[in-house]
Amino acid sequence: MKYILTNYVLNLHKNKQLKIQELTTVSEMLSEIETIKFLYPNMTIQRYESFLIDMIPKDYKQVAVFDNETCVALSGFWFGTKLWTGKYIEIDNFVVHPEYRKKGIGKIICDFMDAKANELNCTCIVLDAFTGNFDAHRFYYNQGYVPRGFHFIKTIDENGFS
């Protein structure tokens, strides 16, 4: 399946159309804060906006799936280059509305990321999943992802986490 990467309508069921859309501006992303809150319930609009203002100039974008006008899933992603990979996409903050989970919506986002990575001539797609998030681990394994290493962190300010 080929994606038009900015705006694509998916016919999944007889009377069901889902639209996938790339979000590139602060205002587009802010309008979907309720979906982000499934991942970060305490996220305020002010905090989210300040993060986005910092992130977007560093090649951060989002892809969202809409059922009519309702955002039912979204994922952030970064495009960059590293010495060990060359060009890559990093998936960030992947979330599906609880009522839409296990219905293939996450796969739609992963297929979009695959197409985007091919379009940008990337060598790989990378992501982090929290160590205790076993549902995410299973999902990513099923999408062809494998652990390649550890992502170590050293906390400097615990209060800065979302």
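To be clear, the structure that these remarks concern was listed above.
Residues numbered from 1 in each chain as written. Predicted model: local features only at pLDDT ≥ 70, side-chain atom pairs only at ≥ 80, totals over all residues. Heavy atoms only, no water.

## Section: unusual backbone geometry
Located in the positive-phi region is D59, a residue other than glycine, with phi close to 70 degrees. Summarising the element assignment, D59 is placed in the loop between α3 (45–55) and β3 (60–67). Despite not being glycine, N93 has its phi angle at roughly 60 degrees, a positive value. Tracing the backbone through its elements, the reader meets N93 in strand β5 (residues 86–96). (Helix = DSSP H or I, 4+ residues; strand = E, 2+ residues; numbered from the N terminus.)

## Quick look at the side chain of T35
Position of T35 relative to the elements: it lies in helix α2 (residues 33–36). Contacts of T35, omitting those with residues within four sequence positions, involve C71, A73, L74 and V95. (Contact = heavy atoms within 4.5 Å.)

## Observations regarding the state of the cysteines
All told, the structure shown has zero disulfides when counted by the stated rule. Here C71 stays unpaired: no disulfide links it, and the sulfur of C110, its closest cysteine neighbor, is 15 Å away. Looking at the unpaired C110, the closest cysteine sulfur is the one in C124, lying at 14 Å. (Disulfide = S-S within 2.5 Å.)

## Thoughts on the pattern of salt bridges
Within this structure, the stated rule accounts for five salt bridges. For E22, the salt bridge is made with K116, and the minimal N-O distance between the two is 3.2 Å. In this pair, E22 is assigned in strand β2 (residues 16–23) and K116 in helix α4 (residues 105–119), connecting sequence segments 94 residues apart. On the basis of relative accessibility, which here comes to 8%, the residue K116 falls in the buried class. Overlapping salt bridges, with partners in common, bring together E22, K116 and E119 in one network. (Salt bridge = Lys/Arg side-chain N within 4 Å of Asp/Glu carboxyl O. Buried < 20%, exposed > 50% of the residue type's maximum accessible area, 1.4 Å probe, protein only.)

## Section: the nonpolar core
Counting 24 residues, the largest nonpolar core has V65, I105 and M113 as the members making the most contacts within it. Secondary-structure elements contributing two or more residues to this core are β2, β3, β4 (70–82), β5, α4 and α5 (134–142). It is α4 that provides the largest number of residues to this core, a total of seven residues. Ignoring anything within four residues of it in the chain, the contact list for I105 reads L18, V65, V72, A73, V96 and Y100. Residues L23, I36, Y60 and A64 belong to the second largest nonpolar core, which totals 16 residues. (Core = buried A, V, L, I, M, F, W, Y, C linked by side-chain atoms within 4.5 Å.)

## Looking at the side chain of T85
For T85, the position within the fold is in the loop between β4 and β5. Once you skip the residues sitting within four places of it in the chain, T85 turns out to touch T123 and C124.

## Some details on the environment of N42
Residue position: N42 is located in the loop between α2 and α3. Judged by its relative accessible area of 71%, N42 is exposed. Expressed as a C-alpha distance, the spacing of N42 and S162, which sit 120 residues apart in the sequence, is 7.4 Å.

## So, α4
The terminal C-alpha atoms of α4 lie 21 Å apart, and with 15 residues this matches the ideal 21 Å at 1.5 Å per residue to within 8%. Every buried residue belonging to α4 is among I105, G106, I108, I109, C110, F112, M113, K116 and A117, and all of these are buried. Remark: N121 follows α4 within two positions and exhibits a positive phi of approximately 60 degrees. (Expected span 1.5 Å × (residues − 1).)

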